[in-house]
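Here is how the chains run, residue by residue.
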Amino acid sequence: MLWPVPTSVLHLVLAAPRAPPRVTVPTAGVPGFCTWVTETAPECLIEVPDGFSASVVAFDMNAILHTALRRATSSDDAIKLCYSKLHSTLRRVVPGSVVLLAVDGPAPLAKLATQLKRRRKTFNKEAASSKKKGAQAVSSLAITPGTRFMDDFENAMLYFCCAELAAYRARGLTFWMSGSDVAGEGEIKLLGALRQIEQARAQREQRGRASDAREAGRGASRTQASPSAARRSSVVLVGQDGDLVLQALTLSPSWQVRTRIRSDGL
């Protein structure tokens, strides 16, 4: 026997709200940014000439390391390729005061899901590739904080810094290195170091103006900014990520920025 369904009940069933859609996690980065800049504003792209002098030369080491691993036949060979890249860049661009090397550290919680997804995709891709043309000598998954390869790589980079400081050409230079035990992406840590350099420079100039004012017998409040206060420092950022360009735009006007982004290898 069929029982009649009240209209009010039927209305409530049909009007029941559906389950809300799952929220998509926003992805970082700007896909195709470098291509867009090349096509839209080609006048912004200026080749760095040989012998170019810059106050600071900053390296995003993960970008260099990823390229080296694709060509290397072993982990030692990958480190040698990184050495070659650092040496060639420091011969082409002469650093004036500071050389920065930054390695990606542990990512923030908001990016862990993205990193897990990328690593799973990389693992499947390398596994499929190894069946066709042989496994890669060193998996790109080794570029993860805490792996033995990253410990060896960072020790090798420290040796590189010490070897450079021992050379006569490195007189007056300061090498800063941020390893994978320091949280944050390499390009973020580079920009943080540049802001620290900028603040230290501003403090030195302020002390210098105060000292000049005391020597001249005038109060510091009556002195005017010296010409050196408006001097701009130059920096060359070496990396392989379009985010590096965007983040460089956040620097203050006291920096004259040159970015060198290569995707065609070392």
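The structure under discussion appears in the preceding block.
A quick note: this is a predicted structure, and the numbers were derived from the prediction, not measured.

1. Some details on the overall build of the protein chain
Then, in step 1: Helix and strand counts for the protein chain come out as 8 helices and 5 strands.
Then, in step 2: Within the protein chain, the proportion of its 266 residues that are buried is 34%.
Then, in step 3: Within the protein chain, contacts between residues separated by at least 24 positions form 72% of all contacts whose residues are at least 6 apart in sequence.

2. Some details on the side chain of Glu164
Then, in step 1: With respect to the helices, strands and loops of the structure, Glu164 is situated in helix H6 (residues 148-165).
Then, in step 2: Judged by relative accessible area, Glu164 falls into the buried class, the value being 5%.
Then, in step 3: If sequence neighbours within four positions are ignored, Glu164 has contacts with His87, Leu90, Arg91, Arg169, Ala170 and Phe175.

3. What to know about the packing of aromatic side chains
Then, in step 1: Within this structure, the stated rule accounts for 2 aromatic pairs.
Then, in step 2: Taking 5.6 Å as the distance between ring centres and 55° as the angle between the ring planes, the aromatic pair formed by Tyr83 and Phe160 counts as tilted. With a gap of 77 residues between them, Tyr83 in helix H4 (residues 75-92) and Phe160 in helix H6 connect regions that are remote in the sequence. Each member of the pair, Tyr83 as well as Phe160, carries the same accessibility label: buried.
Then, in step 3: When the ring of Phe149 is compared with that of Phe153, the centres are 6.4 Å apart and the planes differ by 15°; the resulting orientation is stacked. One end of the pair, Phe149, and the other, Phe153, are both in helix H6, 4 residues apart, so they sit about a helical turn from each other.
Then, in step 4: Taking the relative accessible area as the measure of exposure, Phe149 reaches 9% and is therefore buried.
Then, in step 5: For Phe153, a relative accessible area of 0% translates into the label buried.
Then, in step 6: Positioned above the aromatic ring of Trp255, the side-chain terminus of Arg201 is 5.3 Å from the ring centre.

4. Focus: the pairing of strand E4 (residues 233-239)
Then, in step 1: E4 sits mainly inside the fold: 7 of its 7 residues count as buried.
Then, in step 2: Taking every second residue as pointing to the same face, both faces of E4 are buried, with Ser233, Val235, Leu237 and Gly239 on one and Ser234, Val236 and Val238 on the other.

5. A look at the pairing of strand E1 (residues 52-60)
Then, in step 1: Burial of E1 is extensive: 7 of the 9 residues sit out of reach of the surface.
Then, in step 2: With 8 bridges joining them, E1 and strand E2 (residues 93-102) adopt parallel strand pairing. Paired with Ser53 across the strands is Val94, a residue of E2.
Then, in step 3: One ladder, built from 4 bridges, connects E1 with E4; its direction is parallel. Considered in E4, the bridge of Ala58 is made with Leu237.

6. Remarks on helix H3 (residues 61-71)
Then, in step 1: Buried residues dominate H3, accounting for 8 of its 11 residues.
Then, in step 2: Of all the residues in H3, the buried ones are Met61, Asn62, Ala63, Ile64, Leu65, Thr67, Ala68 and Leu69.

7. Some details on the pattern of salt bridges
Then, in step 1: Inspection of every chain in the model, using the stated rule, returns 3 salt bridges.
Then, in step 2: With a closest N to O distance of 2.9 Å, Arg92 and Asp50 form a salt bridge. Linking Arg92 in helix H4 with Asp50 in the loop between helix H2 (33-40) and E1, this pair joins segments that are 42 residues apart in sequence.
Then, in step 3: With a relative accessible area of 24%, Arg92 lands in the partly exposed category.
Then, in step 4: Between Glu164 and Arg169 there is a salt bridge, with its nearest N and O atoms 3.3 Å apart.
Then, in step 5: Owing to a relative accessible area of 48%, Arg169 belongs among the partly exposed residues under this scheme.
Then, in step 6: Look at the salt bridges and you will find they share partners, linking Arg91, Glu164 and Arg169 into a network.

About the cut-offs
- Residues numbered from 1 in each chain as written.
- Predicted model: local features only at pLDDT ≥ 70, side-chain atom pairs only at ≥ 80, totals over all residues.
- Heavy atoms only, no water.
- Helix = DSSP H or I, 4+ residues; strand = E, 2+ residues; numbered from the N terminus.
- Buried < 20%, exposed > 50% of the residue type's maximum accessible area, 1.4 Å probe, protein only.
- Contact = heavy atoms within 4.5 Å.
- Phe/Tyr/Trp six-rings, centres within 6.5 Å; stacked < 30°, edge-to-face > 60°.
- Lys NZ or Arg CZ within 6 Å of the ring centre and 35° of its normal.
- Pairing = 2+ DSSP bridges.
- Salt bridge = Lys/Arg side-chain N within 4 Å of Asp/Glu carboxyl O.

The values reported here are purely geometric and, on their own, carry no functional implication.
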